[in-house]
Amino acid sequence: GNTFVTTPGAEQLLFWAYTGPVGSGTTAEPLDIFRYDLASGVTQRITNDSTRYRYLETDNTRVAWRRATTTGLGRDLIVAPVADLTAQSTFSTSMSVYHLSDGLLAWIEPNGNGTSVLKVNDGTSTTTITSVATSAPYVADGRITFTEYGQTLVWNSDNTRQVLLNSAPLYTPAHDDGVAF
């Protein structure tokens, strides 16, 4: 997988790749993250251990990715600024899904009672939007669309919530221009 990150004056291609023994025939190999600088032609390895780093997302300010063991256990959410990918922070050790867009990082993690907590981080602070989320969050234009108690809602960065639909589809097909059901 890969994510194209554009930063003023220094375009980069961020990607993850298998880094275990060649020809081992297993998919339980380590995966690491690399950065290729288009201007200099230099590739830099960002992660380097016996772990699986993948599923990159970016808003061109921050990059988020998943970290798991080579056995597939663990779902750590790792975040770093585009300007310094080695300055990594762990935002969750149990997330199931996340999305990063327009300065907002939203993720779901189990809360132990069969439902999920939806959290958002704006680069400064983390807020819990709901403790009963039932869908993956969709992030666009400073808003997060999600489902809760059979309704589809939107959360705004001023911490307000609005019901969009008094039903919850199995999934929310969404795009930058809105939400379609």
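Procedures and definitions
Residues numbered from 1 in each chain as written. Predicted model: local features only at pLDDT ≥ 70, side-chain atom pairs only at ≥ 80, totals over all residues. Heavy atoms only, no water. pLDDT = per-residue confidence, 0-100. Helix = DSSP H or I, 4+ residues; strand = E, 2+ residues; numbered from the N terminus. Polar contact = N/O pair within 3.5 Å; in protein donor to acceptor, adjacent residues only side chain to side chain. Contact = heavy atoms within 4.5 Å. Core = buried A, V, L, I, M, F, W, Y, C linked by side-chain atoms within 4.5 Å. Buried < 20%, exposed > 50% of the residue type's maximum accessible area, 1.4 Å probe, protein only.

## A look at the confidence of the model for the protein chain
- On average, residues of the protein chain carry a pLDDT of 82, and 80% of them reach 70 or more.
- Across the protein chain, strand β8 (residues 89-92) holds the top mean pLDDT of 95, while strand β17 (residues 174-175) sits lowest at 50.

## Here's the deal with unusual backbone geometry
- Residue Tyr55 is not a glycine yet carries a positive backbone phi of 60°.
- For Tyr55, the location among the structural elements is in strand β5 (residues 51-58).

## Things to note about the side chain of Glu148
- Within the secondary structure, Glu148 is located in strand β14 (residues 143-148).
- Side chain to side chain, Glu148 and Thr130 meet in a polar contact 2.3 Å long.
- Here Arg161 takes part through its side chain, which lies 2.4 Å from a polar atom of the side chain of Glu148.
- Filtering out sequence-adjacent residues up to four positions away, Glu148 remains in contact with Thr130, Val132, Thr134, Leu153 and Arg161.

## Let's talk about the nonpolar core
- Trp65, Leu77, Tyr98 and Leu105 are the most contacted members of the largest nonpolar core, which totals 21 residues.
- Those elements giving two or more residues to this core turn out to be β2 (12-18), β3 (31-37), β5, β6 (62-69), β7 (76-81), β9 (97-101) and β10 (104-110).
- The element that contributes the greatest number of residues to this core is β7, accounting for four residues.
- Within the second largest apolar cluster, 12 residues are counted, among which are Leu118, Val120, Ala133 and Val139.

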